[in-house]
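Fold and contact review
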Amino acid sequence: MKHIIVTRCKFNSDDKFENYFKQIKNFYIPSINSQINKNFEIGLISNQKHFDLIRSLIDKEINMVRFEDQKKDYRDYVIKNGINIQTRHDCDDSMTDDCRYSSQREMARLARFV
């Protein structure tokens, strides 16, 4: 199973990004880095500068891909790479450390019934 977590973090200005960045550092990044199962990748919809900043704080064993928008390049990437689990995670939210593992386990269980 291939799993991508898509996060929209695209701001028109550095000032708007900075308003969220404290929350990103306090919630989003620690919750991503603390995942028990790192069998996923992050699809970050952002500009290059903000992507590079967030990438520098995410665990290096987690693959990250930058997208310009969710409608075209994200969709094309998911189809081309055979990703079958997609979850959305807001840039100012947190998640439990077993959230990705639980999602993948449940999808595997459901796949047996299809």
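Located above this text is the structure these notes cover.
I will try to describe carefully the structure that is included in this document. Bear in mind the structure is a predicted one, so any value in this text is a computation, not a measurement.

The rules behind each value
Residues numbered from 1 in each chain as written. Predicted model: local features only at pLDDT ≥ 70, side-chain atom pairs only at ≥ 80, totals over all residues. Heavy atoms only, no water. Helix = DSSP H or I, 4+ residues; strand = E, 2+ residues; numbered from the N terminus. Buried < 20%, exposed > 50% of the residue type's maximum accessible area, 1.4 Å probe, protein only. Areas by Shrake-Rupley, 256 points an atom, 1.4 Å probe, with all protein chains shown as cover. Pairing = 2+ DSSP bridges. Contact = heavy atoms within 4.5 Å. Arc of directions from axis to C-beta. Right-handed = clockwise from strand over helix to strand, strands pointing away. Axes fitted to C-alpha atoms, helices over the stretch in contact; angles between N-to-C directions.

**Thoughts on the overall build of the protein chain**
Across its full length, the protein chain carries four helices and four strands. Reading the helices (α) and strands (β) of the protein chain from amino to carboxyl end gives β-α-β-α-β-α-β-α. Buried residues in the protein chain amount to 39% of all 114 residues. Accessible surface for the protein chain amounts to roughly 6800 Å². Of this, 50% is attributable to carbon and sulfur atoms.

**Structural notes on the pairing of strand E4 (residues 85-88)**
Side chains Ile85 and Thr87 project from E4 onto a buried face, and the interleaved Gln86 and Arg88 project onto a face without burial. Note: strand E1 (residues 3-8) against E4, four bridges, orientation parallel. Among the inter-strand pairings, isoleucine 4 is bridged to a residue of E4, identified as glutamine 86.

**Observations regarding the environment of arginine 55**
Structurally, arginine 55 is set in helix H2 (residues 48-55). C-alpha separation for the pair arginine 55 and arginine 66, spaced 11 residues apart in sequence, amounts to 9.7 Å. Not counting chain neighbours up to four residues away, the residues in contact with arginine 55 comprise Lys60, Ile62, Asn63 and Met64.

**Let's talk about helix H3 (residues 70-80)**
Within H3, burial applies to Tyr74, Tyr77 and Val78. For H3, the buried positions fall inside an angular range of 100 degrees around the axis, keeping them on one side. What points out from H3, more than 90 degrees from its buried face, is the exposed set Lys71, Lys72, Ile79 and Lys80. Looking at the buried side of H3, the elements it contacts are E1, strand E2 (41-45), strand E3 (63-67) and E4.

**Re the pairing of E3**
Inspection of the sheet shows E2 paired to E3 by five bridges, in the parallel sense. Within E3, the position partnered with isoleucine 45 by the bridge is phenylalanine 67. In the classification by handedness, the crossover that spans E2, the intervening H2 and the parallel E3 is right-handed.

**Some remarks on the sheet that holds E1**
The strand order across the open sheet formed by four strands is E3-E2-E1-E4, and the pairing between neighbours is parallel. Here the strands that pair on one side only, and so sit at the sheet edges, are E3 and E4. Taking each pair of neighbouring strands and ignoring which way they run, the sheet shows an average axis angle of 25 degrees. The pairing of E1 with E2 spans five bridges and is classified as parallel. Counted as the bridge partner of arginine 8 is isoleucine 45 from E2.

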